[in-house]
Amino acid sequence: MRNIESTPDATPALVLVTAFIAAADAFAVASTGEGLGTVILDAMSHGVPVAATRAGGIPELVDDDVTGLTVPVHGPEALGEALARLLLDRDLSLRLANT
């Protein structure tokens, strides 16, 4: 991935958001409706494991237990459990982040 800070049209906010994503131990997406979910691609491109709802196009990006963890829409408990799995199981997080 190219260095966002060297991109001429990068705004300070974009640089900040990118830095936060890159520094995360895990990334949760609680969408109830989603087109493609490009923020998931951002997290994946930084090697951050993802837990997300199966809303809209998210299942096209996140293959459950292969490239991330997916849970039902409107399932906050399930999303919390998936996020906890990512944070507590380092081997799982590394496997998902490196696919």
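What you see is a predicted model; the values in this text were computed from it and never measured. (Residues numbered from 1 in each chain as written. Predicted model: local features only at pLDDT ≥ 70, side-chain atom pairs only at ≥ 80, totals over all residues. Heavy atoms only, no water.)

Student: Could you clarify how one ought to interpret the overall build of the chain in this entry?
Tutor: Check the secondary structure of the chain and you find 5 helices and 3 strands. A buried classification covers 34% of the 99 residues belonging to the chain. In the chain, the share of contacts with a sequence separation of at least 24, taken over all contacts with a separation of at least 6, comes to 39%. When the accessible surface of the chain is totalled, it reaches about 5,900 Å², and 57% of it is carbon and sulfur. (Helix = DSSP H or I, 4+ residues; strand = E, 2+ residues; numbered from the N terminus. Buried < 20%, exposed > 50% of the residue type's maximum accessible area, 1.4 Å probe, protein only. Contact = heavy atoms within 4.5 Å. Areas by Shrake-Rupley, 256 points an atom, 1.4 Å probe, with all protein chains shown as cover.)

Student: Please clarify how unusual backbone geometry should be interpreted in this entry.
Tutor: A negative phi angle is the norm for most residues apart from glycine, just as the trans form is the norm for most peptide bonds. Positive phi, normally seen in glycine, also occurs at D65, with a value near 65 degrees. Summarising the element assignment, D65 is placed in the loop between helix 3 (58–61) and strand 3 (69–71). In this structure, H74 is a non-glycine residue whose phi angle is positive, near 60 degrees. Here H74 shows up in the loop between strand 3 and helix 4 (76–88). Looking at H74, the relative accessible area reads 67%, which means it is exposed.

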